[in-house]
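Examination of the molecular architecture
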Amino acid sequence: MHSQYTVWTVWELKTGEVALSGSVIGPLLSMGQEGSAVTSSGNIKVVIVGTGVSDRNLGPPDRQGILVKMLEGRVTFLNGAILDFGEK
């Protein structure tokens, strides 16, 4: 299945990973999935290394927090990006 993830907030961690919060259209995301985007700043490619809490009763029904490792691009490119995730 295909999912699109719109990045709302970005936190770069000291471990080198990046915590994201945002909304997902399609199935919720899981560890190991790779996502990519082309932005005006440059290309982005990430892999999900962790998923956060997604409580569909507390916020928008499409909210999900994820932890990613950058494979291509810079962390600053993620602000407002829409990442495309294919099948795992």
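Here goes a summary of the coordinates provided.

The rules behind these values
For every chain, the first residue of the written sequence is number 1, and numbering continues from 1 along that sequence. Reporting in this predicted model follows two pLDDT cut-offs: at least 70 for local features of residues, and 80 or more for side-chain atom pairs to be given and counted; totals over whole chains, interfaces and linings ignore these cut-offs and use all residues. The basis for the side-chain values is all heavy atoms of the structure; hydrogens and waters are excluded. Counting from the N terminus, the helices are the DSSP runs of H or I reaching at least four residues and the strands are the DSSP runs of E reaching at least two. Burial status follows relative accessibility: with a 1.4 Å probe on protein chains alone, a residue under 20% of its type maximum counts as buried, one over 50% as exposed, and anything between as partly exposed. Between two residues, a contact is recorded if the distance between any of their heavy atoms is within 4.5 Å. A 1.4 Å probe and the Shrake-Rupley method give the accessible areas. Residues count as covered only by the protein chains that appear here. For our purposes a nonpolar core is just a set of buried Ala, Val, Leu, Ile, Met, Phe, Trp, Tyr and Cys residues, chained together by side-chain atoms within 4.5 Å. Salt bridges are defined as contacts in which a side-chain nitrogen from Lys or Arg sits within 4 Å of a carboxyl oxygen from Asp or Glu. At least two bridges found by DSSP between two strands are what make those strands a pair.

Before going further, it helps to spend a moment on the overall build of the protein. When helices and strands are counted, the protein shows 0 helices and 6 strands. Reading the helices (α) and strands (β) of the protein from amino to carboxyl end gives β-β-β-β-β-β. Residues classed as buried in the protein amount to 35% of the 88 residues present. Taking the contacts inside the protein whose residues are at least 6 apart along the sequence as the reference set, 58% of them involve residues at least 24 apart. Surface exposure of the protein reaches about 5200 Å², of which carbon and sulfur atoms provide 53%.

Now for the nonpolar core. Formed by 19 residues in total, the largest nonpolar core has its most connected members in Tyr5, Leu20, Ile44 and Leu83. Only strand 1 (3-12), strand 2 (18-25), strand 4 (43-51), strand 5 (63-72) and strand 6 (82-85) provide two or more residues apiece to this core. Dropping the residues within four chain positions of it, Leu20 is found in contact with Tyr5, Val7, Thr9, Val10, Gln64, Gly65, Ile66, Val68, Leu78 and Leu83.

Moving on to the pattern of salt bridges. Evaluation of the coordinates by the stated rule reveals 1 salt bridge. The partner of Glu34 in a salt bridge is Lys45, and the shortest N-O contact between them spans 3.4 Å. Of this pair, Glu34 sits in strand 3 (residues 34-38) while Lys45 sits in strand 4, placing them 11 residues apart in sequence. Assessed through its relative accessible area of 33%, Lys45 is described here as partly exposed.

With that settled, consider the side chain of Ser23. By the element assignment, Ser23 lies in strand 2. Setting aside chain neighbours within four positions, we find Ser23 in contact with Gln4, Tyr5, Thr6, Trp8, Asp62 and Arg63.

What follows deals with the pairing of strand 1. Pairing of strand 1 with strand 6, which is carried by 4 bridges, proceeds in the antiparallel orientation. The residue of strand 6 that forms the bridge with Thr6 is Ile82. By the bridge criterion, 8 bridges tie strand 1 to strand 2 in an arrangement that is antiparallel. Bridged to Tyr5 within strand 2 is Val24.

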